[in-house]
Amino acid sequence: MMQIIHSLSTLTRSLALTALLALSVHANAQTDPLPSWNDGPAKQAIVTFVKDTTTQGSPKFVPPAERIATFDQDGTLWVEHPMYSQVMYILESVPALVKAKPELAKVAPFSTVLEILKGDRAAIAKLTLPDLEKLAAATLTGMPVDTFNAEAKKWLAEARDPRWKKPYTELTYLPMQELLKYLRASGYKTWIVTGGGQDFVRTYAEAVYGIPPEQVIGTAGGTTYGYDTSGKPFLTKEPKLLLNDNNAGKPEGIHLMIGRRPVMAVGNSTGDQQMLEYTHGGDGARLSMLVLHDDAKREYAYGPAQGLPATKVGTFTQALYDEAKKQGWTVISMKNDWKKVFAFE
């Protein structure tokens, strides 16, 4: 009898231990703030940085008011290949412009865009930077801000990425969404600092990333104040550049709009280097990170860092890669550091 009781007691303890272990594993899974990240140097750098900067008494503690994290958008928070989404918006806005002004149908670069939209993808090579600037001025300005916002939201609701056949707003990187939420839960303010159009990104940033429009810094144009026929005031978008929020323009925009040096910055291309330098150059704890697109199967592969294909869209040079290693910046490998790329996988 005693042997039976002893056996039952042993079995009970074993079952209890198994249950506790199972609960522990479940709890850890539930409390992991970055479940779509593989365990490795990138994830560890993030978790260690957040712990160090938010723990009272830590030598690297950062007061809540100074917890500023800045993120590039295209190629950092969502897909930028084969073409930036805002460029696609500009191109797909041309037919409506030509309908209103038929004479443009035979004038370059508008005629070139019509060729592209009819399926002549090779015609994209004909577009120069001045052409894109002319197209942007024609499709993004000369209208009330509210009109532009409504048109941009309508396009985003209807447009589909050619590869995944999904709205562009669904092509955000799940690991980065988790990082944004993790930082905010830890008392950080998350900002978008993008070379894209400020007004364009502000139309969806809050719904897509949880980042309100006042925390979006982008390439910005001028506006003119006026009144409509009923006397109601409004702003008209003008073809006047106020801030080119790329390269050195990023830290300049950060100073202008935030007034604090970030303690964390994340980018993916040469256009983000100065933002990472500016962030890294401050005192105390700093975390600068770059996303390397090295997963052609799940997303795209381009560099030309590390022997990846060269690109004009989101260029990540070997020189930038070498600088990141020299400065101690963290390079995030999409292929190795992310379990999942998109939420719909």
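I will try to describe carefully the structure that is included in this document. (Residues numbered from 1 in each chain as written. Predicted model: local features only at pLDDT ≥ 70, side-chain atom pairs only at ≥ 80, totals over all residues. Heavy atoms only, no water.)

Moving on, we come to the nonpolar core. Counting residues in hydrophobic clusters, the biggest one holds 69 residues, and the most contacted among them are L179 and Y209. Among the elements that line this core, the one with the most residues is helix α3 (residues 85–100), at eight residues. Ignoring sequence-local partners within four residues, the contact set of Y209 consists of Q73, L77, W78, T172, Q177, L180, R184, I192 and Y204. (Core = buried A, V, L, I, M, F, W, Y, C linked by side-chain atoms within 4.5 Å. Buried < 20%, exposed > 50% of the residue type's maximum accessible area, 1.4 Å probe, protein only. Helix = DSSP H or I, 4+ residues; strand = E, 2+ residues; numbered from the N terminus. Contact = heavy atoms within 4.5 Å.)

Now for the sheet that holds strand β1 (residues 68–71). One open sheet accounts for seven strands, arranged β4-β3-β2-β1-β5-β6-β7; its pairing is mixed. Here the strands that pair on one side only, and so sit at the sheet edges, are β4 (233–243) and β7 (330–333). In this sheet, neighbouring strand axes are inclined to one another by 35° on average, regardless of whether the strands run parallel or antiparallel. In terms of strand pairing, strand β5 (residues 264–267) meets strand β6 (residues 287–292) through four bridges, oriented parallel. Bridge pairing links G267 to L290 in β6. (Pairing = 2+ DSSP bridges. Axes fitted to C-alpha atoms, helices over the stretch in contact; angles between N-to-C directions.)

A few words now on the side chain of E299. In this fold, E299 is placed in the loop between β6 and α12 (318–327). If near-sequence neighbours (up to four positions away) are discounted, E299 is found in contact with V79, R163, W164, Y173, H293, M334 and F342.

Let us now look at the packing of α3 against helix α5 (residues 129–140). The contact between α3 and α5 brings their axes to 9 Å, and the two run at 65°. Here α3 and α5 pass one another in a crossing that is left-handed. Contact residues: Q86, V87, Y89, I90, L91, S93, V94 and L97 in α3; L132, L135, A136, A138, T139 and L140 in α5. (Left-handed = near helix turned anticlockwise from the far one by under 90°.)

On to helix α2 (residues 41–54), then. The terminal C-alpha atoms of α2, which comprises 14 residues, lie 20 Å apart, in line with the 20 Å expected from a rise of 1.5 Å per residue. For α2, the full list of buried residues reads A42, K43, I46, F49, V50 and T53. Considered in projection along α2, the buried side chains sweep an arc of 135° and stay on one side of the axis. Residues P41 and K51 are exposed on α2 and point more than 90 degrees away from its buried face. The inward-facing, buried residues of α2 contact α7 (174–185), β5, β6, β7 and α13 (334–337). (Expected span 1.5 Å × (residues − 1). Arc of directions from axis to C-beta.)

Let us look at the packing of aromatic side chains. The final tally for this structure, using the stated rule, is 16 aromatic pairs. A ring pair is formed by W155 and Y168, whose centres lie 5.4 Å apart and whose planes are at 15°; its orientation type is stacked. A residue pair is termed long-range when its members are at least 10 positions apart, and W155 in helix α6 (residues 145–158) and Y168 in the loop between α6 and α7 qualify at 13 residues. Summarising the aromatic geometry, the rings of Y225 and Y227 are spaced 5.4 Å apart at their centres and angled 80° between planes, so their arrangement reads as edge-to-face. The exposure class assigned to Y225 is exposed, which follows from its relative accessible area of 52%. Here the aromatic cluster, defined as three or more aromatic residues joined through ring pairs, consists of W37, W164, Y173, Y300, W338, F342 and F344. One residue, R163, lies across the ring of Y300, its end atom 4.8 Å from the ring centre. Between the NZ or CZ atom of K237 and the centre of the ring of F148, over which it lies, the distance is 4.7 Å. (Phe/Tyr/Trp six-rings, centres within 6.5 Å; stacked < 30°, edge-to-face > 60°. Lys NZ or Arg CZ within 6 Å of the ring centre and 35° of its normal.)

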